[in-house]
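Each chain, written out:
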Amino acid sequence: MTENKHVKQWLDEMVELVKPAKVVWIDGSEAQLAALRDEALATGEMEALNEEKLPGCLLHRTAENDVARVEGRTYICTKNKEDAGPINNWMETSAMKAKLLPLYDGVMQGRTMYVIPYCMGPIGSPFSKVGIELTDSIYVVLNMDIMTRMGKDALTQLGDSNDFVRGLHSKANVEEENRYIVQFPEENTIWSINSAYGGNVLLGKKCFALRIASYQGFKEGWMAEHMLILGIEAPNGEVNYITAAFPSACGKTNLAMLIPPEVYAKQGYKVWTVGDDIAWMHIGDDGRLYAINPEAGFFGVAPGTNAKSNFNALESTKKNTIFTNVAHDLDQNTVWWEGLDKNPPENVVEWTGKKVNGKEYTAEGGKLAHPNSRFTAPAINCPCLSKEFNNPNGVPVTAMVFGGRRAKTAPLVYQSFDWAHGVFVGSAMASETTAAATGAVGVVRRDPMAMRPFCGYNMGDYFGHWLEMGKKLGDKAPRIFNVNWFRTDDEGHFIWPGFGDNMRVLMWILSRCKGEVDAVETPIGYVPNAEDINLEGLDDVTTETVRGLLSIDKELWLEDAAGVEELYAMFGDRLPEELAKQLAEQKARLAK
Ligand code: OXD
Ligand code: MN
């Protein structure tokens, strides 16, 4: 399907290694995809859902040992350990290859190898990049079709260039003890083996668009970030774009697709989604920062998604969507998950494949859907998809937002003093862990820029790259903010209503960017005057409540600074001096 000699040579090498029975190029045609769907249905890899209620939708279950990203088995392999940094698992490039080659040797014997050319970013965009994923999984092909621009167009985008990411995936025998998700950023290469779960095997997403791309951005002068991109359209038609980084499962998809509360809707405000997970950002000809979403779909967490929490996401899943590890309602031939509604189906197969009575089962505290069960939905299904979604130049970024789950420390919102302080704020991000990655849930961990599991190089250098980008952007740099939707009262209840009402906070952010509103200078940054958060139409939240949400406990912040200090200590001399200075200054302001 291509004359590109670099592609052909690499493909020959990989075929010789994994020895597939057959090699099939994925051209992206509907006929080919339909045949693959039929094959997956025939083997039971996928189940077709109710054609009337969920047209074109499929259900898939992964192995019980393979339900989330596996950070412990995810590696950044470089020649020198310092280049992967202290946060990433590291092994020297050739040592890792020596370890993995025997696992790959002949692993596709008797199987078909699918060759998936795909483009991250709009076809024709100078900021898009091409990858080729080799896989023995039809599930991967069908998901990549939704998540990327897959097929012939991607090869056209590549032309005869050697600049493509070489991805090799085999589900092998889905053995946990031999599962590896390995990035070789210095070689534009990803090897993934013994998993068949999305984040580990849809190589365009976390492996390429964040881990490899963050390194490419460092080398080439752009940024690949774990950020949603949304646009707020004012009644006069002006749209301002905001990017936001939150750790996995902190509501990025919900914020990206939020529905304006009545107070704004009635004035004619609208919110548009450009992306829900990843932003690639370049400095444009006018000196501003522009963002594209490299993906073409949403790989969202299903539990908790409902018509109220995220109407637009739910709508996005109503056709041509792949559901993974949700529950199967046998009476309707539809899907169900915790938080969809309050009526678990009776006649149901839970995510592991076991048939149960849903009503009795959930009453006993059982979960029908895995907490990290997912939908893979085409972005074009999204009712609020931005018309700039395919704009090859991306959208200009007015504000960047960091955030996480902090029960007590961080206020509802604050603004950094300037870009360098904003980089400090991002580097100091922390959150309670969730179910998106395996491991303990509910533990506070530091997650700089929400990139801890996704930064493909030394995070000290990554901080330095952020600071450099700020220097290049100068006064055209987006303003940087931090939000926390998750502050709780003494009983552990969330105080802020969240969801669509988060727009009230975004509106304050935009007012600050335009210089329309004053703020209070505190040791950690600029905090709103409580009266400036619009509460019209909110019954349970008063200006007093907001004052509480904006309060800053200096003791807690000094404790937090100790956590940042510990993090920073890991980077040794790879920590930019500027950040050490920012931390010292923040501590001094807090101690005053
Ligand atoms: C995701 C994640 O799947 O961050 O987006 O884990
Ligand atoms: Mn994510």
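How each quantity is defined
- Residues numbered from 1 in each chain as written.
- Chains lettered and ligands numbered in written order.
- Predicted model: local features only at pLDDT ≥ 70, side-chain atom pairs only at ≥ 80, totals over all residues.
- Heavy atoms only, no water.
- Donors = N, O, S within 2.8 Å, 3.2 Å for Na, K, Ca; no water.
- Helix = DSSP H or I, 4+ residues; strand = E, 2+ residues; numbered from the N terminus.
- Buried < 20%, exposed > 50% of the residue type's maximum accessible area, 1.4 Å probe, protein only.
- Near = heavy atom within 4 Å.
- Polar contact = N/O pair within 3.5 Å; in protein donor to acceptor, adjacent residues only side chain to side chain.
- Areas by Shrake-Rupley, 256 points an atom, 1.4 Å probe, with all protein chains shown as cover.
- Nonpolar A, V, L, I, M, F, W, Y, C, P; charged D, E, K, R; others polar.
- Disulfide = S-S within 2.5 Å.
- Salt bridge = Lys/Arg side-chain N within 4 Å of Asp/Glu carboxyl O.
- Core = buried A, V, L, I, M, F, W, Y, C linked by side-chain atoms within 4.5 Å.
- Contact = heavy atoms within 4.5 Å.
- Pairing = 2+ DSSP bridges.

A. Structural view of the coordination of the manganese ion (ligand 2). Only Lys206 (NZ), His226 (NE2) and Asp277 (OD) from the protein reach the manganese ion (ligand 2) as donors, at distances of 2.1 to 2.2 Å. Sequence positions of the donors to the manganese ion (ligand 2) reduce to the motif K-x19-H-x50-D. With histidine 226 in the loop between β12 (223–225) and β13 (228–233) and aspartate 277 in the loop between β15 (270–275) and β16 (279–283), the pair connects residues that are 51 residues apart, well separated along the chain. Just as histidine 226 is buried, aspartate 277 falls in that class too.

B. Region of the structure containing the site of ligand 1. What surrounds ligand 1 is a group of eight residues, the closest being Arg69, Lys206, Ser248, Asp277 and Arg374. Histidine 226 places a polar side-chain atom, nitrogen or oxygen, 3.3 Å from an oxygen atom of ligand 1. Between ligand 1 and serine 248, the relevant distance is 2.5 Å, taken from an oxygen atom to a side-chain nitrogen or oxygen of the residue. Within the complex, the protein chains bury 92% of what would otherwise be the 210 Å² of accessible surface of ligand 1. Split into classes, the residues belonging to the shell around ligand 1 amount to two nonpolar, two polar and four charged.

C. Seen up close, the state of the cysteines. The final tally for this structure, using the stated rule, is zero disulfides. Cysteine cysteine 207 shares no disulfide, and the gap to the nearest cysteine sulfur, in cysteine 77, comes to 12 Å. Cysteine cysteine 382 shares no disulfide, and the gap to the nearest cysteine sulfur, in cysteine 384, comes to 3.6 Å. Under the relative-accessibility criterion, cysteine 382 is labelled buried at 5%.

D. Looking closely at the pattern of salt bridges. Scanning the model with the defined rule gives 31 salt bridges in all. Between aspartate 163 and lysine 129 there is a salt bridge, with its nearest N and O atoms 3.1 Å apart. Of this pair, aspartate 163 sits in the loop between α6 (152–158) and β9 (164–170) while lysine 129 sits in strand β7 (residues 129–135), and the two are 34 residues apart along the sequence. For aspartate 163, a relative accessible area of 33% gives the class partly exposed. Between glutamate 468 and lysine 471 there is a salt bridge, and its shortest N-O distance comes to 3.2 Å. In this pair, glutamate 468 and lysine 471 both sit in helix α14 (residues 459–473), three residues apart, roughly one turn of the helix.

E. Focus on the nonpolar core. Judged by nonpolar contacts, the single largest core of 162 residues is most densely connected at Ile232, Trp280, Phe323, Trp419, Trp466, Trp496 and Ile509. Contact partners of tryptophan 419, with chain neighbours within four places excluded, come to Met223, Met400, Trp466, Leu467, Met469, Gly470, Leu473, Ala477, Pro478 and Ile480. Listed in part, the 28 residues of the second largest apolar core include Leu17, Val107, Phe164 and Ala172.

F. How the structure looks around the pairing of β16. Most of β16 is tucked away, with four of its five residues classed as buried. The pairing of β12 with β16 spans three bridges and is classified as antiparallel. Within β16, the residue paired with glutamate 225 across the bridge is alanine 279. Where β16 lies against strand β17 (residues 289–292), four bridges are found, and the strand directions are antiparallel. Bridge pairing in β17 places isoleucine 283 opposite leucine 289. Counting the residues between successive antiparallel strands, the hairpin from β16 to β17 contains five residues, one of them, glycine 287, with a positive phi of roughly 85 degrees.

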